[in-house]
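Fold and contact review
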Amino acid sequence: MTKLGLPDGIQACLFDLDGVITKTAVVHAAAWKQTFDDFLRARDGADFRPFDDTDYDEYVDGRPRADGVRTFLASRGIQLPEGAPDDPPDRQTVHGLGNCKNELLLELIRTRGVEAYDGTIRYIGAARAEGLRTAVVSSSANCRDVLRSINAEHLFDVRIDGVVAAERHLPGKPHPDTFLAAAHDLGVEPKAAAVFEDALAGMDAGRSGHFGYVVGLDRVGQADALRAHGADVVVPDLVNLGEWS
């Protein structure tokens, strides 16, 4: 293992955004909860079953927005029309609910701001100093703006986010395609790339893509689940990975 805590032969690091680089996972969870609780309350009345942390981890976290809507609603036996990507947020469609969530998210980011995980930012710097190439791989269409808000866009050689995935018709996590695209754009084979993720869907993507190493960031006390979904190692923060800090 190298001083960065990675196997010999790793040439590139592929980082998820929310929950790995930035402390925005809790903001995403709050936006999803308000969106789904409002929808379920209107549909089922006051005795509706609220969206909870387990729902977020299992059905939404790490997935593209529309996939999260579909997967969660399916878990409750609910089907909605797909609608169109530009549906207004009050329209009862998959895309309408997704756009509602995104409006709430952007408002929360505006009011709360975005904070980076210092350990991750320093780890990325250490990796680049060792000659490793770096990419950010996120399902978020707001990825670039978030990186700019924390002055971190320059830390990545490649960005594969929700915008790029839509342009290239790449399925999102838990499929490995976005991570595979990042490795391809960096000029490395998957076995020479390490994936850094905090979401179960991200673990699944790392495992199915046959990447050289999958690092699970346990921010919410789900270490066992991260391992079960494919993590080679689980740490609470990247300062705990290797002996670089």
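This report concerns the structure included in the present document. Every value quoted in this text rests on a predicted model; they were computed, and no experiment measured them.

**Examining the overall build of the chain**
Summing up its helical and strand segments, the chain has ten helices and six strands in all. For 245 residues, the compact-globule estimate of 2.2 N^0.38 gives 18 Å, and the chain sits close to it at 18 Å. Counting contacts in the chain only where the partners sit at least 6 residues apart, residues at least 24 apart contribute 61% of the total. Carbon and sulfur atoms make up 48% of the accessible area of the chain, which totals about 11,000 Å². Within the chain, the 39 negative side-chain charges are centred at a point lying 2 Å from the centre of the 26 positive side-chain charges.

**A word on the sheet that holds strand S5 (residues 213–217)**
The parallel open sheet is built from six strands, whose spatial order is S3-S2-S1-S4-S5-S6. Every other strand in the sheet has two partners, leaving strand S3 (158–160) and strand S6 (233–235) as the edge strands with one partner each. Along the sheet, successive strands turn relative to each other by an average axial angle of 20°, direction set aside. As defined by bridge partners, S5 adjoins S6 across three bridges and the pair is classed as parallel. Looking across to S6, one finds that Gly 216 is bridged to Val 234.

**Observations regarding the packing of helix H1 (residues 25–44) against helix H4 (residues 94–112)**
At a closest axis distance of 8 Å, the pairing of H1 and H4 adopts a crossing angle of 135°. If you check the angle between H1 and H4, you find them oblique. Crossing handedness for the pair H1 and H4: right-handed. On the side of H1, the interface is formed by Val 27, His 28, Ala 30, Ala 31, Trp 32, Gln 34, Thr 35, Phe 36 and Phe 39, while H4 contributes Leu 97, Cys 100, Lys 101, Leu 104, Leu 105, Leu 108, Ile 109 and Arg 112. A class-by-class count of the residues in the contact of H1 with H4 yields twelve nonpolar, three polar and two charged.

**Some words on the environment of Ala 66**
By the secondary structure assignment, Ala 66 is in helix H3 (residues 65–75). Sequence separation between Ala 66 and Val 220 is 154 residues; the distance between their C-alpha atoms is 24 Å.

**Focus on H4**
End to end, H4 covers 27 Å across 19 residues, agreeing with the expected 27 Å (1.5 Å per residue, within 8%). By the burial criterion, the buried members of H4 are Val 94, His 95, Gly 96, Leu 97, Gly 98, Asn 99, Cys 100, Lys 101, Asn 102, Leu 105, Leu 108 and Ile 109. Taken together, the buried residues of H4 touch H1 and H3. Among the residues trailing H4, Gly 113 stands out with phi positive, at a value near 80°.

**Things to note about the pattern of salt bridges**
Per the stated rule, a full pass over the model turns up 22 salt bridges. Between Lys 33 and Asp 37 there is a salt bridge, with the nearest N and O atoms lying 2.7 Å from each other. Pair noted here: Lys 33 and Asp 37 are both in helix H1, with a separation of four residues, about one helical turn. Between Asp 224 and Arg 227 there is a salt bridge, with the nearest N and O atoms lying 3.5 Å from each other. Taken together, the residues Asp 224 and Arg 227, both in helix H10 (residues 223–228) and three residues apart, mark about one turn of the helix. Overlapping salt bridges, with partners in common, bring together Asp 16, Lys 173 and Glu 197 in one network.

**With respect to the pairing of strand S4 (residues 193–197)**
By the criterion of burial, S4 is predominantly enclosed, with five of the five residues buried. On S4, burial covers both faces: Ala 193, Val 195 and Glu 197 on one face and Ala 194 and Phe 196 on the other are all buried. Here strand S1 (residues 12–15) runs beside S4; their pairing, made up of four bridges, is parallel. Pairing of Cys 13 across the sheet is with Ala 194, part of S4. Each parallel crossover has a hand, and the one from S4 via helix H9 (residues 200–208) to S5 is right-handed.

Here is what the cut-offs are and how they apply
- Residues numbered from 1 in each chain as written.
- Predicted model: local features only at pLDDT ≥ 70, side-chain atom pairs only at ≥ 80, totals over all residues.
- Heavy atoms only, no water.
- Helix = DSSP H or I, 4+ residues; strand = E, 2+ residues; numbered from the N terminus.
- Rg over C-alpha atoms; globule rule 2.2 N^0.38 Å.
- Contact = heavy atoms within 4.5 Å.
- Areas by Shrake-Rupley, 256 points an atom, 1.4 Å probe, with all protein chains shown as cover.
- Lys, Arg positive; Asp, Glu negative; His and termini not counted.
- Charge placed at Lys NZ, Arg CZ, Asp CG, Glu CD.
- Pairing = 2+ DSSP bridges.
- Axes fitted to C-alpha atoms, helices over the stretch in contact; angles between N-to-C directions.
- Parallel < 35°, antiparallel > 145°, perpendicular 65-115°, else oblique.
- Left-handed = near helix turned anticlockwise from the far one by under 90°.
- Nonpolar A, V, L, I, M, F, W, Y, C, P; charged D, E, K, R; others polar.
- Expected span 1.5 Å × (residues − 1).
- Buried < 20%, exposed > 50% of the residue type's maximum accessible area, 1.4 Å probe, protein only.
- Salt bridge = Lys/Arg side-chain N within 4 Å of Asp/Glu carboxyl O.
- Right-handed = clockwise from strand over helix to strand, strands pointing away.

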